[in-house]
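As a plain string of letters, each chain reads:
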Amino acid sequence: PLSLEDTLRDLAILRASDVDLSAILASTAPGSVPTSAPSTDTPTKVDESVARSYEFVREARAAIKIKNRGDAEAQGERVDDVRNKLEDVVAGL
């Protein structure tokens, strides 16, 4: 299998190079017929997919940052402390 680090690096290089992969893939596919470039005025399914991918990446990075900072664990410990105190109060009634 491909390593994630190498794959992500390759994808970043492709993104930064402004290469139109759809044009390259269409020209190398067997029996492919050249097509005209799609209109950029209206978003296509590909544009929508790319937008969703960017949104996913933003959310994933935010989640990783939260995990690395330890915010979730700290909040979880506070919740457990409050829960234990409430259980003690209920047991005292």
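Every value quoted in this text rests on a predicted model; they were computed, and no experiment measured them.

Let's talk about the overall build of the protein chain
- Assigned secondary structure in the protein chain consists of 4 helices and 0 strands.
- Reading the protein chain from its N end, one meets helices and strands in the order α-α-α-α.
- The buried share of the protein chain, taken over its 93 residues, is 0%.
- Carbon and sulfur atoms form 61% of the exposed surface of the protein chain, whose accessible area is close to 8,600 Å².

Here's the deal with the pattern of salt bridges
- In total, this model carries 4 salt bridges according to the counting rule given.
- Where Arg83 meets Asp80, a salt bridge forms, and the shortest distance between an N and an O atom there is 3.2 Å. Of this pair, Arg83 and Asp80 both sit in helix H4 (residues 71-92), 3 residues apart, which is roughly one turn of the helix.
- By relative accessible area, Arg83 is classed as partly exposed at 45%.

Description of a nonpolar patch on the surface
- Taken together, the side chains of Leu4, Leu8, Leu11, Leu14, Val19 and Leu21 present a nonpolar region at the surface, about 530 Å² in accessible area.
- A per-element tally of the nonpolar patch places helix H1 (residues 4-16) first, with 4 residues.
- Residue position: Leu14 is located in helix H1.
- Accessibility expressed as a relative area gives 35% for Leu14, which makes it partly exposed.

Side note on H1
- The end-to-end C-alpha distance of H1 is 18 Å, a good match for the 18 Å that 13 residues give at a rise of 1.5 Å each.
- Looking at the residues trailing H1, positive phi occurs at Asp18, about 55°.

Details of the confidence of the model for the protein chain
- Looking at the protein chain as a whole, the pLDDT averages 78, with 80% of positions reaching at least 70.
- The least confident element of the protein chain is helix H2 (residues 21-28), whose mean pLDDT is 67; the most confident is H4, at 89.

Cut-offs applied
- Residues numbered from 1 in each chain as written.
- Predicted model: local features only at pLDDT ≥ 70, side-chain atom pairs only at ≥ 80, totals over all residues.
- Heavy atoms only, no water.
- Helix = DSSP H or I, 4+ residues; strand = E, 2+ residues; numbered from the N terminus.
- Buried < 20%, exposed > 50% of the residue type's maximum accessible area, 1.4 Å probe, protein only.
- Areas by Shrake-Rupley, 256 points an atom, 1.4 Å probe, with all protein chains shown as cover.
- Salt bridge = Lys/Arg side-chain N within 4 Å of Asp/Glu carboxyl O.
- Patch = residues over 30% accessible without salt bridge, like charges linked within 9 Å, V, L, I, M, F, W, Y side chains within 5 Å.
- Expected span 1.5 Å × (residues − 1).
- pLDDT = per-residue confidence, 0-100.

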